Amino acid sequence: DVKVTQSSRYLVKRTGEKVFLECVQDMDHENMFWYRQDPGLGLRLIYFSYDVKMKEKGDIPEGYSVSREKKERFSLILESASTNQTSMYLCASSPHNTEAFFGQGTRLTVV
Amino acid sequence: QKEVEQDPGPLSVPEGAIVSLNCTYSNSAFQYFMWYRQYSRKGPELLMYTYSSGNKEDGRFTAQVDKSSKYISLFIRDSQPSDSATYLCAMSGDTGRRALTFGSGTRLQVQP
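Described in the following lines is the structure provided in the data block. Being a predicted model, the structure only gives us computed values, none of them experimental.

## Focus: the pairing of strand β11 (residues 106–110) of chain A
Residues and elements named next belong to chain A.
Alright, step 1. Where burial is concerned, the two faces of β11 differ: the one with Thr-106, Leu-108 and Val-110 is buried and the one with Arg-107 and Thr-109 is not.
Alright, step 2. Pairing geometry for strand β2 (residues 10–13) and β11, over four bridges, is parallel. When the bridges of β11 are listed, Val-12 appears paired with Thr-109.
Alright, step 3. Two elements, strand β9 (residues 87–94) and β11, share three bridges in a ladder whose sense is antiparallel. When the sheet's bridge partners are listed, Met-88 is paired in β11 with Arg-107.

## A few points about the sheet that holds strand β1 (residues 4–6) of chain A
All names here are of chain A.
Alright, step 1. Spatially, four strands are ordered β1-β3-β8-β7 in an open sheet, and the strand pairing comes out antiparallel. Every other strand in the sheet has two partners, leaving β1 and β7 (64–70) as the edge strands with one partner each. Averaged over all pairs of adjacent strands, the angle between their axes in this sheet comes to 20°, without regard to strand direction.
Alright, step 2. Relative to strand β8 (residues 73–78), β7 is paired through five bridges, and the arrangement is antiparallel. When the sheet's bridge partners are listed, Ser-65 is paired in β8 with Ile-77.

Each value, and the rule that gives it
Think of each chain on its own: its residues are numbered from 1, step by step along the sequence as written. Written order determines the labels here, with chains lettered from A and ligands numbered from 1. Only residues with pLDDT of at least 70 are given local features in this predicted model, and only at 80 or more are side-chain atom pairs given and counted; all residues enter the totals for whole chains, interfaces and linings. Side-chain measures were taken over the full set of non-hydrogen atoms in the model, leaving aside hydrogen atoms and water. Per-residue accessibility, obtained with a 1.4 Å probe over protein chains only, is compared with the maximum for each type, and a residue is labelled buried under 20%, exposed over 50%, and partly exposed between these values. Labels follow the DSSP assignment, with helices taken as runs of H or I lasting at least four residues and strands as runs of E lasting at least two, numbered in each case from the N terminus. Any two strands with at least two DSSP-identified bridges between them are counted as paired. Under this scheme, a helix contributes an axis fitted over its contacting stretch, all axes are lines through C-alpha atoms, and angles between N-to-C directions fall in the 0 to 180 degree range.

Here it is in C-alpha cells:
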C-alpha cells in the first residue's frame, strides 16, 4: 500500500512564526503536491514538484514556499504565518498525471 | 466558471438506498477520472480510478464516465451508514498541469 505520512496531525503556531510542514512518501513517486482545504472552497493547490529540486506554483502559492531535496520528501514552508493560513493542509503523491494518494492531513491553527 | 462542478449537497438517503453522485467538467483534455472519499478530519482516500470513457465496478461502487457529455458519476449500491462522508471527484489529462483538478465535494449522509 502507498503510504504518505505528514509529520503532524495538529499544529498551533503564532502569527509571524516560520512554519514547516513535512511530508514523506514511500512509493518512489515522481510527483508530490501540497493542497489546502477550506470549507466552501474545496481543495486548492499550493505547490507541486515533479522531480527533486523541481517545483511549480499552484493556484495559491502566495505566502508559501516548498523544498524537495530528496525524492521521498516534500516540505511546505510558511515564511511568516498569518491567521488566514489557518487551514487543513494535505500532502499527496502520484506516479504520473493520474491518481494521487493523500496523507492524513495537518490541521494548522495560526493564532 | 469552475473547471469541475460538483453539487455540494448535503445529500441524505436512507440505509440501503442507491446513491448517485455526479460531476461535470469543461476541459475536454481530461482523460483520467477519480473519486475520493473523505471522512471528517481525515485525508481523501482514493475510491475509484477510470481512464477515458466507460464503466468500472468495484463491489458496491460503480464509476461511469461519459466524455461526450463531460459528465462523470459514482453510484453506491446498498448504501451503509459507514458511507457517510464527503465524496470528491478529480480529473487530469495527459498534457498540461500534472496536478489533479478537484470538484468541491458532495457531503453524503446515510441514515440508519
